[in-house]
Amino acid sequence: MSNTFDAIVKRENSLLCNTYGRYPLAVSKAKGCRLYDLDGVAYHDFLAGIAVCSLGHSREDLAEVMAEQARKMVHVSNLFYQEPQLDLAEKLLNTCAADKVFFCNSGAEANEGAIKLARRYMHSVKNDDRHEVITLEKSFHGRTLSTLTATGQSGPIKDGFNPLPKGFVTVPFGNVNALRGAINAQTAAIMIEMVQGEGGVRPLPSDYVNDIVALCKENGILLIVDEVQTGLCRTGKMWAHQHYGITPDIFTSAKALANGLPMGAVMCTDEVAKGFAPGSHATTFGGGAVVSAVASKVLDIMVTEKLAERAWDMGEFAKAEAQKVMAKHPDKIAGTRGLGLLFGIELTFNGADVWKALLENKMVCNLTQGNILRLVPPLTIEKEDIVTFMEVLDSILSSVEIDPA
Ligand SMILES: Cc1ncc(COP(=O)(O)O)c(C=O)c1O
């Protein structure tokens with residue numbers, strides 16, 4: 001076993017299924033807002049494990065909670081009552097208008113659960129065979145068969161997986177008439193992200209959201225909000241839907257919930273929760289004692305350290321700094337977008353080379369939709385980190401040749 005980068009790549013190629021286009025970086029350690037490569041070289045982390053490690057990496061306080069709970073009880077199954085799960089449920093439901101929660105293990109599983117809940121509510125409570133779910137173009141909802149079908153994108157995410165499940169319709173983003181036209185007697189739910197993350201950091205316009213809510217009400221359709229990426233302070237509120245003053249019937253969470261341990265949650269109103277009954281939905285690992293204890297601590301920290309407000313302020317700071325860079329490179333930056341620390345910088349050209357140069361300069365971020373630099377750093381990021389990123393971006397843009405997208 002060797003720990004050179006090339007040896008690691010070779011080893012992985014011989015061992016793992018080839019599903020990831022990995023970044024050319026092997027991470028040996030992560031702490032706070034930094035990742036470290038094999039030689040201990042530090043990288044500024046503006047990715048946070050893809051909007052997961054919102055409190056920063058490898059925290060002592062979370063490690064302590066994890067270790068303490070692991071010594072008491074790790075897994076006994078959902079056949080038993082377990083207080084860590086209830087403590088978390090109470091804290092989580094205190095942050096929103098939902099009444100009930102179902103715990104699972106990932107974003108896709110949470111969305112899958114939300115879709116199942118909507119269908120079963122219609123079937124078992126409303127005695128209706130409504131089952132279709134309408135989603136938006138460029139949305140991303142996960143990679144299980146149902147959630148990839150719900151996802152409003154084409155390409156490798158869908159290629160070769162036919163037949164895809166029935167009961168999903170995707171409509172163009174921002175077009176209320178298209179949405180109205182897609183609603184029929186079979187429609188059970190409309191599922192949206194308040195800010196499309198993978199789809200290019202696109203917040204939904206308020207008027208559009210109001211129209212969606214009105215259409216749901218008029219037609220007896222459930223509103224599902226996918227807060228897997230936007231939830232838990234990332235956008236400047238505990239939940240992104242709270243920016244819009246709406247109350248979804250069902251919403252999902254995952255990524256930041258246990259700061260890197262796998263956890264997901266489906267939250268819903270008491271009314272919709274009637275759709276599930278014992279035996280209708282379950283998971284072996286969901287809501288296990290260790291992840292629940294860690295997620296409880298995560299929520300405590302988010303609330304006491306006012307991380308939603310911090311995310312908002314840092315997002316505004318990042319926007320102002322990015323606009324300074326934009327003023328110097330108006331031909332290369334088209335604008336900024338996002339909410340809070342779900343922040344995007346829109347380049348006017350394909351950004352692959354800029355993204356690569358950022359990484360070479362020890363700045364880790366993500367490129368979505370070919371030209372959007374997506375920054376989803378830990379919410380604990382410091383202003384100096386943002387300033388450093390923008391300085392590096394500025395110098396890269398000064399030297400980069402535009403390669404038309
Ligand atoms: C909005 C949204 N929904 C669902 C998912 C899927 O989550 P997971 O990868 O945990 O299954 C993601 C992941 O990026 C996401 O951003």
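Calculation criteria
Residues numbered from 1 in each chain as written. Predicted model: local features only at pLDDT ≥ 70, side-chain atom pairs only at ≥ 80, totals over all residues. Heavy atoms only, no water. UniProt positions renumbered as here; feature names shortened; annotations may be inferred. Helix = DSSP H or I, 4+ residues; strand = E, 2+ residues; numbered from the N terminus. Rg over C-alpha atoms; globule rule 2.2 N^0.38 Å. Contact = heavy atoms within 4.5 Å. Areas by Shrake-Rupley, 256 points an atom, 1.4 Å probe, with all protein chains shown as cover. Lys, Arg positive; Asp, Glu negative; His and termini not counted. Charge placed at Lys NZ, Arg CZ, Asp CG, Glu CD. Salt bridge = Lys/Arg side-chain N within 4 Å of Asp/Glu carboxyl O. Buried < 20%, exposed > 50% of the residue type's maximum accessible area, 1.4 Å probe, protein only. 1 Å grid on protein atoms, 1.4 Å probe; cavity = no way out; pocket = protein on both sides within 12 Å on 5 of 7 lines; lining within 4 Å. Polar contact = N/O pair within 3.5 Å; in protein donor to acceptor, adjacent residues only side chain to side chain. Disulfide = S-S within 2.5 Å. Near = heavy atom within 4 Å. Sits in = over half its atoms within 2 Å of the grid points. Nonpolar A, V, L, I, M, F, W, Y, C, P; charged D, E, K, R; others polar. Patch = residues over 30% accessible without salt bridge, like charges linked within 9 Å, V, L, I, M, F, W, Y side chains within 5 Å. Points joined across faces, edges and corners; volume = space filled by probe spheres on them.

In the annotation of an unreviewed UniProt entry, the entry for the chain reads Acetylornithine aminotransferase, and the organism field reads Pseudodesulfovibrio sediminis. In UniProt, the chain has this text filed under Catalytic activity (unreviewed entry): "N(2)-acetyl-L-ornithine + 2-oxoglutarate = N-acetyl-L-glutamate 5-semialdehyde + L-glutamate". Per UniProt, the chain carries the Sequence similarities (unreviewed entry) text "Belongs to the class-III pyridoxal-phosphate-dependent aminotransferase family. ArgD subfamily."

Enquirer: What should I look at first to understand the overall build of the chain in this one?
Expert: Per the secondary structure count, the chain includes 13 helices and 17 strands. Against the globule reference of 22 Å for 405 residues, the chain gives a C-alpha radius of gyration of 21 Å, in line with a compact fold. Its C-alpha atoms put the chain at 65 × 55 × 45 Å along the principal axes. Summarising the internal contacts of the chain: among those between residues at least 6 apart in sequence, 72% fall at separations of at least 24. A total of about 18300 Å² of accessible surface is found on the chain, and carbon and sulfur atoms cover 52% of it. Each charge class in the chain can be summarised by its mean position, and for the 39 positive and 47 negative side chains these summaries are 2 Å apart.

Enquirer: What is the right way to read the pattern of salt bridges from this model?
Expert: In a structure, side chains of opposite charge can pair up when their charged atoms sit close to one another. Applying the stated criterion to the full structure yields 15 salt bridges. Note that Glu316 is salt-bridged to Lys319, the shortest N-O span being 3.2 Å. In this pair, Glu316 and Lys319 both sit in helix H11 (residues 307-328), 3 residues apart, roughly one turn of the helix. Classification of Glu316 by relative accessible area gives partly exposed; the value is 33%.

Enquirer: For this particular structure, what's the right way to read the UniProt feature "binding site: pyridoxal 5'-phosphate" (unreviewed entry) in the chain?
Expert: In this numbering, the UniProt entry assigns the feature "binding site: pyridoxal 5'-phosphate" (unreviewed entry) to Gly107, Ala108, Phe140, Asp226, Glu227, Val228, Gln229 and Thr284. A maximum C-alpha distance of 25.3 Å shows the annotated residues, which cover 178 residues in sequence, to be distributed over more than one spot. Those annotated residues lining the largest pocket are, specifically, Gly107, Ala108, Phe140, Asp226, Val228 and Gln229. Among the structural elements, Gly107 can be located in helix H5 (residues 107-125).

Enquirer: Honestly, the side chain of Arg130 in this entry has me stumped. Any pointers?
Expert: With respect to the element layout, Arg130 can be found in the loop between H5 and strand S5 (132-136). From its side chain, Arg130 meets the backbone oxygen of Asn219 in a polar contact 3.1 Å long. In contact with Arg130, not counting residues within four places along its chain, are Arg119, Met122, Ala185, Gln186, Thr187, Ala188, Asn219, Gly220 and Ile221.

Enquirer: Please explain the state of the cysteines as it appears in this structure.
Expert: As used in these notes, a disulfide is a covalent bond between sulfur atoms, one from each of two cysteines. For the structure on display, the rule yields 0 disulfides. Residue Cys233 stays outside any disulfide, its sulfur separated by 12 Å from that of Cys96, the closest cysteine. When its relative accessible area of 1% is taken as the criterion, Cys233 is described as buried. In this structure Cys268 is a free cysteine whose sulfur lies 10 Å from that of Cys96, the closest cysteine sulfur available. Residue class for Cys268 comes out buried when judged on its relative accessible area of 6%.

Enquirer: Even after reading the chapter, I still don't get the site of the ligand, so can you show me in this structure?
Expert: Around the ligand, 13 residues are found, and the nearest of them are Gly107, Ala108, Asp226, Gln229 and Lys255. A distance of 2.8 Å separates an oxygen atom of the ligand from a polar backbone atom of Ala108. Within the side chain of Gln229, one N or O atom sits 2.8 Å away from an oxygen atom of the ligand. In isolation the ligand offers 390 Å² of accessible surface; the protein chains occlude 81% of this area. When atoms are counted within 2 Å of each cavity's grid points, the one that captures over half of the ligand is the largest pocket. Considering each element in turn, the shell around the ligand owes the most residues, 3 residues, to H5. Tallied by class, the residues present in the shell around the ligand amount to 3 nonpolar, 6 polar and 4 charged.

Enquirer: Before we go on, may I ask you to explain a nonpolar patch on the surface in this structure?
Expert: Among the surface-exposed residues, Val76, Leu79 and Phe80 lie close enough to one another that they form a single nonpolar patch of about 330 Å² accessible area. For Leu79, the position within the fold is in the loop between helix H3 (60-72) and helix H4 (83-93). Among the residues examined, Leu79 registers a relative accessible area of 77% and is labelled exposed.

Enquirer: In this structure, what is going on with the layout of surface pockets? I would like to understand it.
Expert: Here the idea is plain: a probe the size of a water molecule rolls over the atoms and shows the empty space left. Each pocket or cavity is described by its volume, and for the largest pocket that value is around 1900 Å³. Around the largest pocket, the lining is made up of 46 residues, and of these Tyr20, Ile50, Arg143, Glu198 and Lys255 lie nearest the centre. Of all the elements in the fold, those that place two or more residues in the lining of the largest pocket are helix H2 (48-51), H5 and strand S16 (366-368). Empty space within the second largest pocket amounts to approximately 500 Å³. If you trace the second largest pocket, you find 14 residues lining it, with Asn78, Phe80, Gln85, Leu86 and Val101 closest to the centre. Of all elements in the fold, only H4 and strand S4 (100-104) reach the threshold of two or more residues within the lining of the second largest pocket. Of the residues contributing to the lining of the second largest pocket, the split by class is 9 nonpolar, 5 polar and no charged.

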